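An overview of the molecular structure
Here are the chains, one letter per residue:
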2 protein chains.
Amino acid sequence: IPMPMRIKILATGKYLPKNRVTAADLEERLGLETGWIAKKSGVMVRHFVEGETASQMGAFAASEALHGAGLGIEDIDCLVCTSSVPEQAIPCTAALVQQQLGAGESGIPAFDLNATCLSFLCGLDTLSYLVAAGRYRRVLLIATEVTTGMNWSDKESCTLFGDGAAAVIIESSPEGERSEILAARIETYSHGAALSECRGAGNKHHPKQYFDNPEFFLFTMQGRALYRLSAQILPTFLERLLQPIQCTLEDMKMVIPHQASLMAMRLIRKHLGVREERWMTIAHNHGNTVAASIPMALHEAVVQKKIRRGDRILLLGTAAGFSVGGIVLVY
Amino acid sequence: IPMPMRIKILATGKYLPKNRVTAADLEERLGLETGWIAKKSGVMVRHFVEGETASQMGAFAASEALHGAGLGIEDIDCLVCTSSVPEQAIPCTAALVQQQLGAGESGIPAFDLNATCLSFLCGLDTLSYLVAAGRYRRVLLIATEVTTGMNWSDKESCTLFGDGAAAVIIESSPEGERSEILAARIETYSHGAALSECRGAGNKHHPKQYFDNPEFFLFTMQGRALYRLSAQILPTFLERLLQPIQCTLEDMKMVIPHQASLMAMRLIRKHLGVREERWMTIAHNHGNTVAASIPMALHEAVVQKKIRRGDRILLLGTAAGFSVGGIVLVY
């Protein structure tokens, strides 16, 4: 494995839609008793778009990252959108974000990469090779999610999610700096593909089927089966990720996990034996923002000074597919 | 630019759905006079799925490519689906293709990459860096399209398209072989994003809006404006692609263009000054199969012996976004 790769996360950005929804708001809307969400989901605050679009949110997050790096969009030479669901069927969301950034005449290549909740992690992994090889000097990765296909009658799932966007800019690590990607790995086990899915809205079930089969167009997940599969695969997956670089989980300053659900995250954390203070959690006031959740949690870890330059961290997640993915990097 | 990259296209595959639809069939269905399609679209045969899914077609095309390379799915270490529209909203189509290939327990990483009609070209470009760096030994790229959002009342567009799938396997070029990628380039100009789009079915317009706004869920394109933009950008784009490797279009044994429409392709070919015998055309009996059109045309160029090992070829296309892309490679 030709790692490590001299890649630096130059800056991060985050955007939450204006409409902030508390557990109490949602309990009222869904007719749940007071305290149900605190007890079952733990997501006390999430934001849902009202009028805002995924590409607008993505552009806001990107602008924050560009500002943080002291760069303009003209300093970016590739824009990759790593969301789970696009804004439109056609074209890709990255083009719409480019437009929202006022860069419609720029020619900056723009495309989407999708591995559901692992889209950002997979995008960072994949594009790091193009930066390392000098094809692109700086890549702007954006994950922006609007949870439009929520099943509001399934209180177990609809109380977990939130909308929002995150952005990350990468470039080659300057001489003398320690930032690098030490290892990256993704595995897909499609025997679990049906455990979390939204069957409609692609080319299998056109929206014209909506009134006959509305359930095709709603997200469904089998939480317990997903947890069991994650708990079964993650320990050996981490061996395959960490053993070649002779690391263990103990060597990580922070683990930045996908914020699937607070309950599943706590169980997985204990199963893997990671201490609570080394496990980044933002789900309680963001919800599960799907592919935006890992880069949002990374952004929060930086902002909250839980990670500093030179720290070794692990990005880790599971996704519909069923996929598992991890990246070990020196921030 | 750190090109050339020692990448070889090991094998290709193609699949067309069983349901073959002639111009006469379609004229009858659409109430068009006999000969209208021959005159206006030129697509005399296309195939449309009846019961088959995108992931099934993708798996058939992949199996042909694997057979051609003398490999099994266990010899592949990354599966990337490069279609414009997914089969389902969740998970990514690559996971569904992995499942159709009977590799659900394999762990082979599977994700989608989307640049609309340029998805395959962008996927080949992007993944070639991971193969060159040794991250993946062999990558299976699949493009599989079902044109579900067709507007059957727009005879100008619905007579152009067809369904189908193509697959390509890449690996590092063995010592002593000439296969390599000489140059690759993608540019996105999102001021043209609205010239071809399908606004619905993503997170902006959920399928429940279908009966209020069915037009949101149909593909629309402004053919003349797209042609003008292509004709304006392509000549200078080709300079930016070819000048660094000191090539001209004359050095290409074959140009394998996206099969947008026969009329647009003929005009662009003349505009660029490429001779007809060096311009691969399959639209007349395949239609525009969206992102599958370039790898299908590549497959046909190989099968019809229009290209041989050692030939220099150009993959070239435009896409909704608006994007242009090109790859120069030694086959």
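Summary of the structure given here. (Residues numbered from 1 in each chain as written. Chains lettered and ligands numbered in written order. Predicted model: local features only at pLDDT ≥ 70, side-chain atom pairs only at ≥ 80, totals over all residues. Heavy atoms only, no water.)

Our next topic: the overall build of chain A. In terms of helices and strands, chain A carries 10 helices and 13 strands. For chain A, the spread of C-alpha atoms along the three principal axes comes to 55 × 50 × 35 Å. The proportion of buried residues among the 331 residues of chain A is 66%. Contacts spanning at least 24 positions in sequence make up 75% of the contacts within chain A whose residues lie at least 6 apart. For chain A, the distance from the average position of its 32 positive side-chain charges to the average position of its 33 negative side-chain charges is 6 Å. (Helix = DSSP H or I, 4+ residues; strand = E, 2+ residues; numbered from the N terminus. Buried < 20%, exposed > 50% of the residue type's maximum accessible area, 1.4 Å probe, protein only. Contact = heavy atoms within 4.5 Å. Lys, Arg positive; Asp, Glu negative; His and termini not counted. Charge placed at Lys NZ, Arg CZ, Asp CG, Glu CD.)

Two numbers describe a pair of aromatic rings. These are the distance of the centres and the angle of the planes. For the structure shown, the criterion picks out 11 aromatic pairs over all chains. A ring pair is formed by Phe 161 of chain A and Phe 219 of chain A, whose centres lie 5.6 Å apart and whose planes are at 80°; its orientation type is edge-to-face. With Phe 161 of chain A in the loop between helix 6 (155-158) and strand 7 (164-172) and Phe 219 of chain A in the loop between strand 9 (196-197) and strand 10 (220-221), this pair connects stretches of sequence that are 58 residues apart. Residue Phe 161 of chain A is classed as buried on the basis of its relative accessible area of 7%. An aromatic cluster is present here, built from Tyr 210, Phe 211 and Phe 217 of chain A together with Tyr 210, Phe 211 and Phe 217 of chain B joined pairwise through their rings. Sitting above the plane of the Tyr 331 of chain A ring, Arg 309 of chain A keeps its charged end 3.9 Å from the centroid. (Phe/Tyr/Trp six-rings, centres within 6.5 Å; stacked < 30°, edge-to-face > 60°. Lys NZ or Arg CZ within 6 Å of the ring centre and 35° of its normal.)

Before going further, it helps to spend a moment on the sheet that holds strand 4 (residues 78-81) of chain B. Strand order in the open sheet made by the 10 strands is 1(A)-7(A)-6(A)-4(A)-5(A)-5(B)-4(B)-6(B)-7(B)-1(B), with mixed pairing throughout. Both edges of this open sheet fall to strand 1 (7-15) of chain A together with strand 1 (7-15) of chain B, since each of them pairs with a single strand only. The mean inter-strand angle of the sheet, taken between neighbouring strand axes irrespective of direction, is 20°. Examined bridge by bridge, strand 4 (residues 78-81) of chain A and strand 5 (residues 110-114) of chain A share 3 bridges and lie parallel to one another. Looking at strand 5 of chain A, one finds that Leu 79 of chain A is bridged to Ala 110 of chain A. Helix 10 (residues 293-303) of chain A rests against strand 1, strand 6 (138-145) and strand 7 of chain A of the sheet, and its axis sits at about 100° to strand 1 of chain A. Contacts from helix 3 (residues 54-69) of chain B reach strand 1, strand 6 (138-145) and strand 7 (164-172) of chain B within the one sheet, and its direction differs from that of strand 1 of chain B by about 130°. (Pairing = 2+ DSSP bridges. Axes fitted to C-alpha atoms, helices over the stretch in contact; angles between N-to-C directions.)

Looking now at helix 1 (residues 23-30) of chain A. Since the α-helix turns once every 3.6 residues, residues separated by three or four places project in the same direction. Residues and elements named next belong to chain A. Ala 23, Leu 26 and Glu 27 are the residues of helix 1 that are buried. The buried side chains of helix 1 occupy one side of the element, clustering within an arc of 105° when seen end-on. Residues Glu 28 and Arg 29 are exposed on helix 1 and point more than 90 degrees away from its buried face. Positive phi shows up at Gly 31, right after helix 1, with a value of about 70°. (Arc of directions from axis to C-beta.)

What follows deals with the interface of chain A and chain B. Counting residues at the interface gives 71 residues for chain A, matched by 71 residues for chain B. Here chain A and chain B share an interface that buries about 6,100 Å² over both sides, 59% of which is from carbon and sulfur atoms. Sorting the residues of chain A by area buried against chain B places Ile 90, Arg 135 and Asn 203 of chain A first, and these three jointly supply 13% of that buried surface. Where chain A meets chain B, there are 2 salt bridges. For Asp 125 of chain B, the salt bridge is made with Arg 135 of chain A, and the minimal N-O distance between the two is 2.6 Å. Counting the contacts that link chain A with chain B gives 42 residue pairs in polar contact (both at pLDDT 80 or more). (Buried area = accessible area lost by both parts, 1.4 Å probe. Salt bridge = Lys/Arg side-chain N within 4 Å of Asp/Glu carboxyl O. Polar contact = N/O pair within 3.5 Å; in protein donor to acceptor, adjacent residues only side chain to side chain.)

Turning our attention to empty space enclosed by the protein. Rolling a probe over the atoms, with the probe sized like a water molecule, indicates the empty space that remains. Across all of its chains, the model carries 4 cavities of 30 Å³ or more by this definition. Counted as a void, the largest cavity has a volume near 190 Å³. Taken together, 18 residues make up the lining of the largest cavity; nearest its centre are Pro 86 and Asn 114 of chain A together with Pro 86, Asp 112 and Asn 114 of chain B. Counting only elements with at least two residues in the lining of the largest cavity, the list comes to strand 5 of chain A together with strand 5 (110-114) of chain B. (1 Å grid on protein atoms, 1.4 Å probe; cavity = no way out; pocket = protein on both sides within 12 Å on 5 of 7 lines; lining within 4 Å. Points joined across faces, edges and corners; volume = space filled by probe spheres on them.)

All names here are of chain A. Examined against the element boundaries, Tyr 331 turns out to sit in the segment after strand 13 (323-330). We classify Tyr 331 as buried; its relative accessible area is 7%. On a C-alpha basis, the gap between Tyr 331 and Ile 313 in space is 6.9 Å, while along the polypeptide they are 18 residues apart.

The next point concerns the relation of the copies chain A and chain B. At an RMSD of 0.0 Å, chain A and chain B line up after a rotation of 180° and a shift of 0.0 Å along the axis. Between the two chains, the operation in question is that of a two-fold axis. A shared interface surface links the copies, since 100% of the contact residues of chain A are contact residues in chain B too. (Least-squares fit on C-alpha atoms with pLDDT ≥ 70 in both.)

Here the focus is the packing of helix 3 of chain B against helix 4 (residues 93-100) of chain B. Two measures define how a pair of helices packs: the angle their axes make with one another and the distance between the axes. Residue and element names in this part refer to chain B. The N-to-C vectors of helix 3 and helix 4 enclose an angle of 60°; their axes lie 8 Å apart at closest approach. Classed by the angle they form, the pair helix 3 and helix 4 counts as oblique. Like other packed secondary-structure pairs, helix 3 and helix 4 cross with a definite hand, here right-handed. Counting all contacts with helix 3, which are made through Ser 55, Gln 56, Gly 58 and Ala 59, the residues of helix 4 involved are Leu 96, Val 97 and Gln 100. Classifying every residue of the contact of helix 3 with helix 4 by side-chain character gives 3 nonpolar, 4 polar and no charged. (Parallel < 35°, antiparallel > 145°, perpendicular 65-115°, else oblique. Left-handed = near helix turned anticlockwise from the far one by under 90°. Nonpolar A, V, L, I, M, F, W, Y, C, P; charged D, E, K, R; others polar.)

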